[in-house]
Amino acid sequence: MRTLSWVPVAALLLVACDDTTSPEDVGGAPEFARTQAGVEMESAEASFWAVRGQARTLVLRRADGTTALEFEVGPNSLVARPDGSEIAANDSIQITVRPIGGDGYVFDFQPSGLRFSTAEPALLRIHYDADLNGDGLVGPVDALLESTLSIWIQAAPGLPWLPIPSLRLPGHVVEGEVTHFTGFALAS
């Protein structure tokens with residue numbers, strides 16, 4: 001599993017076009033990316049069994065078969081259950097992802113409180129459409145939104161959304177490291 005080193009990556013992103021946003025830069029609510037009109041998820045949720053010592057990947061697809069989200073758990077990513085107990089070698093835990101809302105990239109990950117390694121975190125990749133504002137056109141507003149696009153987290157309903165260090169990858173994909181479960185969204 002690839003582990004991202006944020007110090008060199010952050011420096012590269014600042015030089016390239018400032019793909020990251022720190023919590024200090026947040027001046028209000030995020031602008032959530034939206035899917036193109038009529039785009040639906042293949043199912044209301046996706047689940048898989050993550051096993052300590054094995055690499056596993058969950059893929060959530062759109063109804064047209066394209067990938068909407070990938071969640072990769074490396075062999076050393078799982079650390080602790082929601083009750084704080086350690087996850088031993090070859091132990092497993094079921095992980096479920098649910099899209100929230102109809103036209104955006106907002107997801108609920110369960111079980112709440114699951115912990116991942118900070119040295120070898122899980123990786124979340126969200127695949128997005130070029131029409132980020134969902135108006136049916138790809139234009140300057142979408143380009144502006146894409147220039148600041150990152151993964152955001154919300155610790156609990158009602159708390160503010162905060163951006164996490166994220167990489168924009170080729171092919172309209174944003175990737176971020178996950179060390180615990182919370183709400184995740186793609187936003188600018």
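Everything that follows concerns the structure shown earlier in this document.
Residues numbered from 1 in each chain as written. Predicted model: local features only at pLDDT ≥ 70, side-chain atom pairs only at ≥ 80, totals over all residues. Heavy atoms only, no water.

Participant: Would you mind going over the overall build of the protein chain with me for this structure?
Facilitator: Tallying secondary structure elements over the protein chain gives 2 helices and 13 strands in all. Across the protein chain, the fraction of contacts at a sequence separation of at least 24, relative to all contacts at a separation of at least 6, is 65%. Looking at the protein chain as shown, the accessible area adds up to about 9,100 Å², and 56% of this sits on carbon and sulfur atoms. (Helix = DSSP H or I, 4+ residues; strand = E, 2+ residues; numbered from the N terminus. Contact = heavy atoms within 4.5 Å. Areas by Shrake-Rupley, 256 points an atom, 1.4 Å probe, with all protein chains shown as cover.)

Participant: When you look at the sheet that holds strand S2 (residues 56–61) in this model, what are you seeing that I'm missing?
Facilitator: Backbone-to-backbone hydrogen bonds pair the strands of a sheet. The strands run either parallel or antiparallel. Strands sit in the order S2-S3-S8-S12-S11 across an open sheet of 5 strands; the sheet is antiparallel. Strands at the two margins of the open sheet, each flanked by one partner only, are S2 and strand S11 (166–169). Within this sheet the neighbouring strands show an average axis-to-axis angle of 20°, counted without direction. The pairing of S11 with strand S12 (residues 173–178) spans 4 bridges and is antiparallel. Of the residues in S12, the one forming a bridge with leucine 169 is valine 173. (Pairing = 2+ DSSP bridges. Axes fitted to C-alpha atoms, helices over the stretch in contact; angles between N-to-C directions.)

Participant: Any chance you could explain the sheet that holds strand S1 (residues 46–51) here in plain terms?
Facilitator: If you walk across this open sheet you meet the 6 strands as S1-S5-S6-S13-S9-S10, and the pairing is antiparallel. Looking at strand neighbours, the two that pair on one side only are S1 and strand S10 (162–163), the edges of this open sheet. Pairing of strand S9 (residues 150–154) with S10, which is carried by 2 bridges, proceeds in the antiparallel orientation. The residue bridging isoleucine 153 from the neighbouring strand is leucine 162, located in S10.

Participant: Which parts of the structure should I look at to understand the nonpolar core?
Facilitator: Note that soluble globular proteins tend to have their nonpolar side chains buried in a common cluster. Core analysis: the biggest nonpolar cluster contains 36 residues, and Leu69, Phe71 and Phe116 have the highest contact counts within it. If you tally residues by element for this core, the top one is strand S3 (residues 67–73), at 4 residues. Setting aside its immediate chain neighbours within four residues, phenylalanine 116 contacts Phe71, Val73, Ser77, Leu78, Val79, Ile95, Ala122, Val178, Thr179, His180 and Phe181. Counting residues in hydrophobic clusters, the runner-up holds 5 residues, among them Val106, Trp161, Ala185 and Ala187. (Core = buried A, V, L, I, M, F, W, Y, C linked by side-chain atoms within 4.5 Å. Buried < 20%, exposed > 50% of the residue type's maximum accessible area, 1.4 Å probe, protein only.)

Participant: Help me understand the side chain of threonine 67 in this model?
Facilitator: On the secondary structure map, threonine 67 appears in strand S3. Only 3.0 Å separates the side chain of threonine 67 from the side chain of arginine 61, close enough to count as a polar contact. Those residues within four positions of threonine 67 in sequence are excluded, and the remaining contacts are Val59, Leu60, Arg61, Arg62 and His127. (Polar contact = N/O pair within 3.5 Å; in protein donor to acceptor, adjacent residues only side chain to side chain.)

Participant: What's the story with the environment of isoleucine 87 in this structure? I'm lost.
Facilitator: Its location among the elements puts isoleucine 87 in the loop between strand S4 (78–80) and strand S5 (92–99). It is 6.9 Å that separates the C-alpha atoms of isoleucine 87 and arginine 52, two residues lying 35 residues apart in sequence.

Participant: Just to check I follow, could you spell out unusual backbone geometry for this structure?
Facilitator: Trans peptide bonds make up the majority, and among non-glycine residues the majority have a negative phi. In this model, glutamine 110 is joined to proline 111 through a cis peptide bond whose omega is 10°. Looking at where proline 111 falls in the secondary structure, it is placed in the loop between strand S6 (106–110) and strand S7 (115–116). For asparagine 90, which is not glycine, the phi dihedral falls at a positive 70°. The residue asparagine 90 is located in the loop between S4 and S5 in this model. The exposure class assigned to asparagine 90 is exposed, which follows from its relative accessible area of 59%.

Shape is all these values report; function is a separate question.
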